[in-house]
Amino acid sequence: MPGRDAYQQPAAKFARGVYHARNRRLAELVAAGGPRRIFEFAAGSYDLARLILDRDPAIETYRWSDFAPRCIAESRKILAGYPACTLEELDIDADYAAVDWSAYDTVICVSLEHLARDREILEAIAPQTRVFLSLPRFGAPTHLRWFNGELQIRRRYAELIAIDRIEQIRGGGLRKFLVVAHRP
Ligand SMILES: C[S@@+](CC[C@H](N)C(=O)[O-])C[C@H]1O[C@@H](n2cnc3c(N)ncnc32)[C@H](O)[C@@H]1O
């Protein structure tokens, strides 16, 4: 399984192209739920947090986390101007059971394909929490899994989260699925 050292990319890499297009759409979908307390793990970049926080000054808490030092340092510089946002080093695979999931109305992850405990983590999310995921339609050296279509996504996750909609975003020859769901 890839450790921290496998993630040396600049956070800005995931703030452009298909990632930015995905983030813009995700920010719209998240805003529609009227979030107040958000938890994002394995964030990969500052981009989505910034888009969400720029849209909605009523957000009280945005807990941003990742486990890669470079990603955290670069994101910290960009997100420093947002008082609602706290940034944290967190290995979510190792420490998901220590998270107080009941503190959030919205949980976001755009990197679930990198996490070995994806199903256990989704199961830990508190009932009624809104859940927003992005999943790839392409493989990469640090992807533990990827998805050919909606059916595969539903087979892996539908017993853990109630899936309300799935959309696709394309760009630069890459395709991402956006999953809007909630914990029953
Ligand atoms: C390479 S980025 C990919 C970007 C993301 N998939 C997207 O679509 O924007 C994946 C991120 O997941 C983080 N990550 C991987 N495993 C993690 C873990 N166990 N705990 C926390 N973050 C993790 C990495 O540090 C990295 O920043």
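Placed above this text is the structure.
Predicted model, so just to flag it, every value in this text is computed and none were measured.

A. A look at the overall build of the protein chain. Each helix and strand counted, the protein chain has 6 helices and 7 strands in total. Along the protein chain, helices (α) and strands (β) appear in the sequence α-β-α-β-α-β-α-β-α-β-α-β-β when read from the amino end. The C-alpha atoms of the protein chain give 15 Å as radius of gyration, which agrees with the globular expectation for 184 residues (16 Å, within 12%). Expressed along its principal axes, the backbone C-alpha trace of the protein chain runs to roughly 40 × 35 × 30 Å. Considering only intrachain contacts with a sequence separation of at least 6, the fraction spanning at least 24 residues in the protein chain is 66%.

B. Expanded view of the nonpolar core. Among the nonpolar cores identified, the biggest contains 49 residues, and Ala49 and Ile108 are the most heavily contacted of them. Not counting residues up to four positions away in its chain, the partners in contact with Ala49 are Glu40, Ala43, Tyr62, Trp64, Leu79 and Cys85.

C. How the structure looks around the site of the ligand. Taken together, 20 residues are adjacent to the ligand, and Tyr7, Ala42, Gly44, Phe67 and Ala68 come closest. Residues of the shell around the ligand, tallied by class, amount to 11 nonpolar, 6 polar and 3 charged.

Rules of the game
Residues numbered from 1 in each chain as written. Predicted model: local features only at pLDDT ≥ 70, side-chain atom pairs only at ≥ 80, totals over all residues. Helix = DSSP H or I, 4+ residues; strand = E, 2+ residues; numbered from the N terminus. Rg over C-alpha atoms; globule rule 2.2 N^0.38 Å. Contact = placed C-beta atoms within 7 Å. Core = buried A, V, L, I, M, F, W, Y, C linked by C-beta atoms within 7 Å. Buried ≥ 20, exposed ≤ 12 C-beta atoms within 10 Å, placed from the backbone. Near = placed C-beta within 6 Å. Nonpolar A, V, L, I, M, F, W, Y, C, P; charged D, E, K, R; others polar.

These values are about where atoms sit, not about what they do.
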